[in-house]
Amino acid sequence: MAEKVKELLNEGRITGFVGLRKQHNQPAPHLFTKENMADLENLVVGDVRYPLNKVLLKLAHRFPKDRLGVMVRGCDERGLNELFKWNQLSRDHVTPVGIACPAALAEACECYKPYPSEWVVGEKTEGISHSKRLEKNETLTQEKRLQYWLGQFNKCIKCYGCRDACPMCFCKVCSIQDRNFILTGKLPPENPTFHLSRAVHMIGRCIDCGLCEEACPSDIPVRTLYKEVGKIVENLFDYRTGEDTKAKSPLNLLGEPTMDISDVNK
Ligand code: SF4
Ligand code: SF4
Ligand code: SF4
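Attention here is on the structure that accompanies the text. (Residues numbered from 1 in each chain as written. Chains lettered and ligands numbered in written order. Predicted model: local features only at pLDDT ≥ 70, side-chain atom pairs only at ≥ 80, totals over all residues. Heavy atoms only, no water.)

1. Section: the overall build of the protein
- Check the secondary structure of the protein and you find eleven helices and five strands.
- For a compact globule of 266 residues, the expected C-alpha radius of gyration is about 18 Å, and the protein comes in at 19 Å, within 12% of that figure.
- Within the protein, the proportion of its 266 residues that are buried is 48%.
- When the accessible surface of the protein is summed, it comes to about 14,000 Å², and 52% of that surface belongs to carbon and sulfur atoms.
- If you average the places of the 38 positive and of the 35 negative side-chain charges in the protein, the two averages end up 4 Å apart. (Helix = DSSP H or I, 4+ residues; strand = E, 2+ residues; numbered from the N terminus. Rg over C-alpha atoms; globule rule 2.2 N^0.38 Å. Buried < 20%, exposed > 50% of the residue type's maximum accessible area, 1.4 Å probe, protein only. Areas by Shrake-Rupley, 256 points an atom, 1.4 Å probe, with all protein chains shown as cover. Lys, Arg positive; Asp, Glu negative; His and termini not counted. Charge placed at Lys NZ, Arg CZ, Asp CG, Glu CD.)

2. What about helix α10 (residues 222–237)?
- Compared with the 22 Å implied by 1.5 Å per residue over 16 residues, the 22 Å span of α10 between its first and last C-alpha is a close match.
- For α10, the full list of buried residues reads Val 222, Arg 223, Thr 224, Leu 225, Tyr 226, Lys 227, Glu 228, Val 229 and Val 233.
- In the core, the buried residues of α10 are packed alongside α4 (103–109), α5 (132–139), α6 (142–153), α8 (193–201) and α9 (211–215).
- Phi turns positive one or two residues past the end of α10, at Asp 238, with a value near 55°. (Expected span 1.5 Å × (residues − 1). Contact = heavy atoms within 4.5 Å.)

3. Describing the site of ligand 3
- Close to ligand 3 lie Cys 156, Ile 157, Lys 158, Cys 159, Tyr 160, Gly 161, Cys 162, His 195, Cys 216, Pro 217, Ser 218 and Ile 220, which account for all nearby residues.
- Considering only residue class, the shell around ligand 3 consists of eight nonpolar, three polar and one charged. (Near = heavy atom within 4 Å. Nonpolar A, V, L, I, M, F, W, Y, C, P; charged D, E, K, R; others polar.)

4. Thoughts on the packing of helix α2 (residues 52–62) against helix α3 (residues 74–85)
- Viewed as axis vectors pointing N to C, α2 and α3 meet at an angle of 35°, and their least axial separation amounts to 10 Å. In this structure, α2 crosses over α3, and the sense of that crossing is right-handed. Where α2 abuts α3, its residues Asn 53, Leu 56 and Leu 57 lie against Asp 76, Gly 79, Leu 80 and Leu 83.
- For the contact of α2 with α3, the per-class residue count stands at four nonpolar, two polar and one charged. (Axes fitted to C-alpha atoms, helices over the stretch in contact; angles between N-to-C directions. Left-handed = near helix turned anticlockwise from the far one by under 90°.)

5. Side note on the side chain of Gln 88
- Mapping Gln 88 onto the fold places it in the loop between α3 and β5 (94–98).
- At 3.0 Å, the side chain of Gln 88 forms a polar contact with the backbone oxygen of Trp 86. (Polar contact = N/O pair within 3.5 Å; in protein donor to acceptor, adjacent residues only side chain to side chain.)

6. What to know about the layout of surface pockets
- By volume, the largest pocket amounts to about 500 Å³.
- If you go around the largest pocket, you meet 21 residues; those closest to its centre are Tyr 112, Asp 208, Lys 227, Lys 231 and Glu 234.
- Secondary structure elements with two or more residues in the lining of the largest pocket: α5 and α10.
- Here the element with the most residues in the lining of the largest pocket is α10; it accounts for five residues.
- For the lining of the largest pocket, a count of residues per class yields seven nonpolar, five polar and nine charged. (1 Å grid on protein atoms, 1.4 Å probe; cavity = no way out; pocket = protein on both sides within 12 Å on 5 of 7 lines; lining within 4 Å. Points joined across faces, edges and corners; volume = space filled by probe spheres on them.)

7. Structural notes on the nonpolar core
- Of all hydrophobic cores here, the largest spans 58 residues; its most connected members are Met 1, Phe 17, Leu 56, Val 70, Leu 80 and Leu 89.
- Beyond its immediate sequence surroundings of up to four residues, Met 1 is in contact with Phe 17, Leu 43, Val 45, Met 71, Val 97, Gly 98, Ile 99, Val 120 and Val 121. (Core = buried A, V, L, I, M, F, W, Y, C linked by side-chain atoms within 4.5 Å.)

8. What about unusual backbone geometry?
- Note the cis peptide between Leu 187 and Pro 188, where omega equals -10°.
- Its location among the elements puts Pro 188 in the loop between α7 (161–165) and α8.
- Across the junction of Asn 191 and Pro 192, the peptide omega takes the value 10°, indicating a cis bond.
- Within the element layout of this structure, Pro 192 appears in the loop between α7 and α8.
- In this structure, Glu 110 takes a positive phi of about 55° despite not being glycine.
- Residue classification places Glu 110 among the buried positions, given a relative accessible area of 11%.
- The phi dihedral of Asp 238 falls on the positive side, at around 55°, and the residue is not glycine.
- Asp 238 sits in the exposed class, given a relative accessible area of 70%.

9. Quick notes on the pairing of β5
- Summarising burial for β5: four of the five residues are buried, a large majority.
- Note that strand β4 (residues 68–72) and β5 share five bridges and pair parallel. Bridge assignment links Met 71 to a residue of β5, and that residue is Val 97.
- One crossover worth recording links β4 to the parallel β5 by way of α3, and it is right-handed. (Pairing = 2+ DSSP bridges. Right-handed = clockwise from strand over helix to strand, strands pointing away.)

Next comes the structure, spelled out in structure tokens:
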């Protein structure tokens with residue numbers, strides 16, 4: 001991957017590359033440029049995951065005329081597809097460089113497409129077509145399922161880690177932080193309003209990367225919740241979030257985007 005990034009920078013096809021760099025023995029997000037090309041020696045391309053598209057969004061809004069590269073896995077590519085369609089990023093200004101995930105990660109994620117459309121690192125492994133998480137959830141009666149989730153939500157310490165780690169949370173005003181909507185000074189946050197509000201907001205946006213669940217200090221299985229939301233969207237609207245580069249998600253058609261990259265470009 002370092003060679004590919006070097007090539008893109010040297011040929012002037014990108015002005016920067018958003019990836020991970022080993023710093024103090026830890027992977028951290030980094031913008032690789034022609035000026036700091038030596039840093040590519042410490043480029044991290046293993047199984048470590050990070051919401052790089054979130055970093056890319058911030059940089060793209062700050063430098064809208066630049067073309068930036070970004071390291072993508074299958075889920076990140078799904079995320080880019082949605083971010084383009086939600087007018088958060090311009091397709092012409094982003095160059096993805098792919099990495100295919102190993103089978104163990106695909107299984108842990110229950111990922112139906114653990115690779116992007118092109119990749120320079122890793123090998124294609126089969127996707128996982130069924131979710132044991134959802135199967136387990138669906139064996140419970142509705143009443144038991146409600147009790148299970150209310151119990152899980154009661155563990156929430158309202159740290160917003162799930163939202164902050166989510167590459168698809170891009171609203172300028174966050175309704176789960178709106179004091180007119182969610183009571184302040186209360187733990188756990190209003191149950192289930194806090195969690196179900198976010199789940200509704202993820203309709204047609206969640207690309208099932210699982211970073212929210214990894215970030216949660218209370219071990220709440222939020223990924224399962226969003227997988228369930230994704231399945232409902234797929235069943236009702238025949239829409240698989242992030243899969244299609246053109247068709248818009250059901251909720252994308254309902255209102256104005258919260259922020260439009262073309263406004264930044266003006
Ligand atoms: S969801 Fe997991 S397995 Fe699928 S692309 Fe993302 S990191 Fe890889
Ligand atoms: S899995 Fe979680 S972090 Fe990833 S897109 Fe969905 S809600 Fe956001
Ligand atoms: S990361 Fe976990 S504890 Fe923090 S707000 Fe989200 S669900 Fe609650």
